[in-house]
Amino acid sequence: MDYCIKGTDIIVSQNDFDLDETLDCGQAFRWRKVESDYECTYEGSFLNKSLLISKKRENEFIFHNTDENDFLGTWKDYFDLDTDYSELKKQFSEDKTLSEACKFAGGIRLLKQDSWECLISFIISQNNNIPRIKGIINRLCEHFGGFPTYQQMSCETADSLAFLRSGFRAKYLADASQKTADGTINLKAIAEMPIDEARAQLKKICGVGPKVAECVLLFGMYRTEAFPVDVWIKRVLQEYYPDGFPKFAEKNAGIAQQYLFHYIRNCKEK
């Protein structure tokens, strides 16, 4: 990755990066595509910092109206710009199906999200579609003036969260908030635990099952060995890996899963 400063913009040269594939693939829900004079532009937030980002041309991106401190301190890490995805894809390409998936959506990068925001987002995502997930999260942020901390939500109940129109998920949001606030759940400690212990701890939260736990570990704690399984990935495993997922990819199975998820849901369906 190389970058330069031009006025209030940071111009970044980065290969293996596509805004559509990264920001609209279901790993984060506070981004939306907007009209612009560029090839592609998204606006969104992370840790209640806002960003407008555009693709200027192939492998060149503009981080609008930000400064070097915010870029280096927040956005470079969030977009995982220090990871060599070319090398990862080279490793994954030892497997035929993974090779095809990487060719189809080679610009996906893993977003390194905040564990609390990720936990709440994926509780909301259960049995839900992306537009409705975004709507619920938008109402949550509007109500609290930004994405709320667990301290801000610690006194909430299913009834007090009715304004979200999140259905059965409201009681799970309240439970997650209360358990995190009172120390029953320590997200920072969970991020450092052996993976099976971390899974078990997250599942102490009402409504957090295997898939949500894996999503929090992968997207909110950068545990790249975590491997969320939904109906699409279940189909991949049954059709292409009946004898098990390739051992060589297990260390970064979560990143491999992102390529496979996008591939089976889009390319193979067509």
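One structure accompanies this document, and this report is about it. (Residues numbered from 1 in each chain as written. Predicted model: local features only at pLDDT ≥ 70, side-chain atom pairs only at ≥ 80, totals over all residues. Heavy atoms only, no water.)

Across its full length, the chain carries 13 helices and six strands. Computed over the C-alpha atoms, the radius of gyration of the chain is 19 Å, within 12% of the 18 Å expected from 2.2 N^0.38 for a compact globule of 270 residues. C-alpha extents for the chain along the principal axes are approximately 55 × 50 × 35 Å. In the chain, which comprises 270 residues, the share counted as buried stands at 54%. Taking the contacts inside the chain whose residues are at least 6 apart along the sequence as the reference set, 65% of them involve residues at least 24 apart. A total of about 12,700 Å² of accessible surface is found on the chain, and carbon and sulfur atoms cover 46% of it. (Helix = DSSP H or I, 4+ residues; strand = E, 2+ residues; numbered from the N terminus. Rg over C-alpha atoms; globule rule 2.2 N^0.38 Å. Buried < 20%, exposed > 50% of the residue type's maximum accessible area, 1.4 Å probe, protein only. Contact = heavy atoms within 4.5 Å. Areas by Shrake-Rupley, 256 points an atom, 1.4 Å probe, with all protein chains shown as cover.)

A few words on the pattern of salt bridges. Scanning the entire structure with this criterion turns up 18 salt bridges. Residue Asp20 pairs with Lys33 through a salt bridge whose shortest N-O separation is 3.1 Å. In this pair, Asp20 sits in helix H1 (residues 19–23) while Lys33 sits in strand E3 (residues 31–33), placing the two residues 13 residues apart along the sequence. Its relative accessible area of 47% is what places Lys33 among the partly exposed residues. Between Glu39 and Lys55 there is a salt bridge whose closest N-O contact spans 3.2 Å. Taken together, the residues Glu39 in the loop between E3 and strand E4 (40–46) and Lys55 in strand E5 (residues 49–57) connect sequence positions 16 residues apart. By relative accessible area, which is 55% here, Glu39 ends up exposed. By relative accessible area, Lys55 is classed as buried at 9%. Residues joined by salt bridges that share partners form a network here, namely Glu39, Lys55 and Glu58. (Salt bridge = Lys/Arg side-chain N within 4 Å of Asp/Glu carboxyl O.)

What follows concerns the packing of helix H5 (residues 115–124) against helix H6 (residues 130–144). At a closest axis distance of 9 Å, the pairing of H5 and H6 adopts a crossing angle of 130°. By the angle between their directions, the pair H5 and H6 is classed as oblique. Between H5 and H6 lies a crossing of right-handed hand. In this structure, H5 uses Ile120, Ser121 and Ile124 to contact H6, whose residues at the interface are Ile133, Ile136, Ile137 and Leu140. (Axes fitted to C-alpha atoms, helices over the stretch in contact; angles between N-to-C directions. Parallel < 35°, antiparallel > 145°, perpendicular 65-115°, else oblique. Left-handed = near helix turned anticlockwise from the far one by under 90°.)

The subject of this paragraph is the sheet that holds E4. One open sheet accounts for six strands, arranged E1-E2-E6-E5-E4-E3; its pairing is antiparallel. Both edges of this open sheet fall to strand E1 (2–6) and E3, since each of them pairs with a single strand only. Pairwise comparison of adjacent strand axes, ignoring direction, gives a mean angle of 20° for this sheet. Of the pairings in the sheet, the one linking E3 to E4 comprises three bridges and is antiparallel in character. By the bridge assignment for E4, Trp31 is matched with Gly44. Contacts from helix H2 (residues 68–78) reach E1, strand E2 (9–13), E3, E4, E5 and strand E6 (60–64), with the element oriented near 80° to E5. (Pairing = 2+ DSSP bridges.)

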